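Observations on the model geometry
What follows is the residue order along each chain.
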Amino acid sequence: GDSVTQMEGPVTLSEEAFLTINCTYTATGYPSLFWYVQYPGEGLQLLLKATKADDKGSNKGFEATYRKETTSFHLEKGSVQVSDSAVYFCALRLTGFQKLVFGTGTRLLVSP
Amino acid sequence: DVKVTQSSRYLVKRTGEKVFLECVQDMDHENMFWYRQDPGLGLRLIYFSYDVKMKEKGDIPEGYSVSREKKERFSLILESASTNQTSMYLCASSPTIDGYNQPQHFGDGTRLSIL
């Protein structure tokens with residue numbers, strides 16, 4: 001079945017460090033891919049998305065590129081801030097379906 | 001901004017009780033969803049609805065039911081609560097525009113404890 005695999009957390013970084021959170025997927029069709037972020041005590045917010053191969057989603061300094069050949073959608077940020085501390089979820093949705101399939105989430109902790 | 005409002009942030013109920021979780025969205029979205037979030041498991045879809053009075057089972061519907069009598073409101077019902085239903089419950093909604101499903105917007109969640 002369709003699935004999303006994320007790297008285990010927590011990821012602990014110092015402020016201004018480079019961030020990569022790995023995400024790979026398995027899907028029977030051609031999915032759209034998403035990164036959601038959950039700040040403490042809140043629901044999920046859409047961070048960025050990509051709908052087809054080679055698309056790059058970007059928002060708030062975060063980027064992810066849809067790589068069909070490696071079935072990946074890794075999240076990157078060049079310089080993290082303390083305020084980026086949150087749980088990050090990678091997700092996919094098959095074309096024509098409403099359902100999202102989520103990874104297990106990766107907690108990011110950024111220290112000053 | 002889209003607003004998805006869940007009626008309670010924290011809820012404590014007893015085993016065997018019938019529990020109602022309410023969700024309201026203010027953007028006239030066609031689609032609404034209920035997920036539960038558990039550590040190490042991510043989010044799992046319980047039920048979703050793509051129209052009033054329409055519902056579809058998600059991945060883990062056992063022990064739950066839903067109701068959508070009005071477009072803006074989607075209720076999750078635990079028919080007879082059990083301790084393994086202690087979890088964080090998240091509601092989401094999304095529009096369908098020109099036949100394409102748009103990203104989901106989430107509420108802040110209800111942390112439910114069953115004693």
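To start, this report covers the structure provided alongside it. What you are looking at is a predicted structure, and each value in this text was computed from that prediction instead of being measured. (Residues numbered from 1 in each chain as written. Chains lettered and ligands numbered in written order. Predicted model: local features only at pLDDT ≥ 70, side-chain atom pairs only at ≥ 80, totals over all residues. Heavy atoms only, no water.)

Attention shifts here to the pattern of salt bridges. Residues and elements named next belong to chain B. All chains considered together, the criterion is met by 10 salt bridges over all chains. The shortest N-O distance in the salt bridge between lysine 18 and glutamate 79 comes to 3.7 Å. Linking lysine 18 in the loop between strand E2 (10–13) and strand E3 (19–25) with glutamate 79 in the loop between strand E8 (73–78) and strand E9 (87–94), this pair joins segments that are 61 residues apart in sequence. Where aspartate 28 meets lysine 71, a salt bridge forms, and the shortest distance between an N and an O atom there is 3.3 Å. Highlighted residues: aspartate 28 in the loop between E3 and strand E4 (31–38) and lysine 71 in the loop between strand E7 (64–70) and E8, separated in sequence by 43 residues. When its relative accessible area of 53% is taken as the criterion, aspartate 28 is described as exposed. Note on lysine 71: relative accessible area 26%, which makes it partly exposed. Within the structure, one salt-bridge network assembled from shared partners comprises Arg36, Asp38 and Arg44. (Salt bridge = Lys/Arg side-chain N within 4 Å of Asp/Glu carboxyl O. Helix = DSSP H or I, 4+ residues; strand = E, 2+ residues; numbered from the N terminus. Buried < 20%, exposed > 50% of the residue type's maximum accessible area, 1.4 Å probe, protein only.)

On to the side chain of threonine 110 of chain B. Residues and elements named next belong to chain B. By secondary structure assignment, the location of threonine 110 is in strand E13 (residues 110–114). Among the polar contacts made by the side chain of threonine 110, one reaches the side chain of glutamine 6 at a distance of 3.3 Å. From its side chain, threonine 110 meets the backbone oxygen of serine 8 in a polar contact 2.5 Å long. Setting aside anything within four residues of it in sequence, one finds threonine 110 in contact with Gln6, Ser8, Arg9, Leu11, Leu21, Ser87, Met88 and Tyr89. (Polar contact = N/O pair within 3.5 Å; in protein donor to acceptor, adjacent residues only side chain to side chain. Contact = heavy atoms within 4.5 Å.)

Taken together, the contact between chain B and chain A spans 21 residues of the former and 19 residues of the latter. In total, chain B and chain A occlude about 1600 Å² of area from one another, counting both sides; carbon and sulfur atoms represent 53% of this. Our enumeration of links across chain B and chain A arrives at 1 salt bridge. Between aspartate 59 of chain B and lysine 99 of chain A there is a salt bridge; the shortest N-O distance is 2.7 Å. The tally of links between chain B and chain A comes to 5 residue pairs in polar contact (both at pLDDT 80 or more). The residue inventory of the side of chain B that touches chain A, partitioned by class, reads 10 nonpolar, 8 polar and 3 charged. (Buried area = accessible area lost by both parts, 1.4 Å probe. Nonpolar A, V, L, I, M, F, W, Y, C, P; charged D, E, K, R; others polar.)

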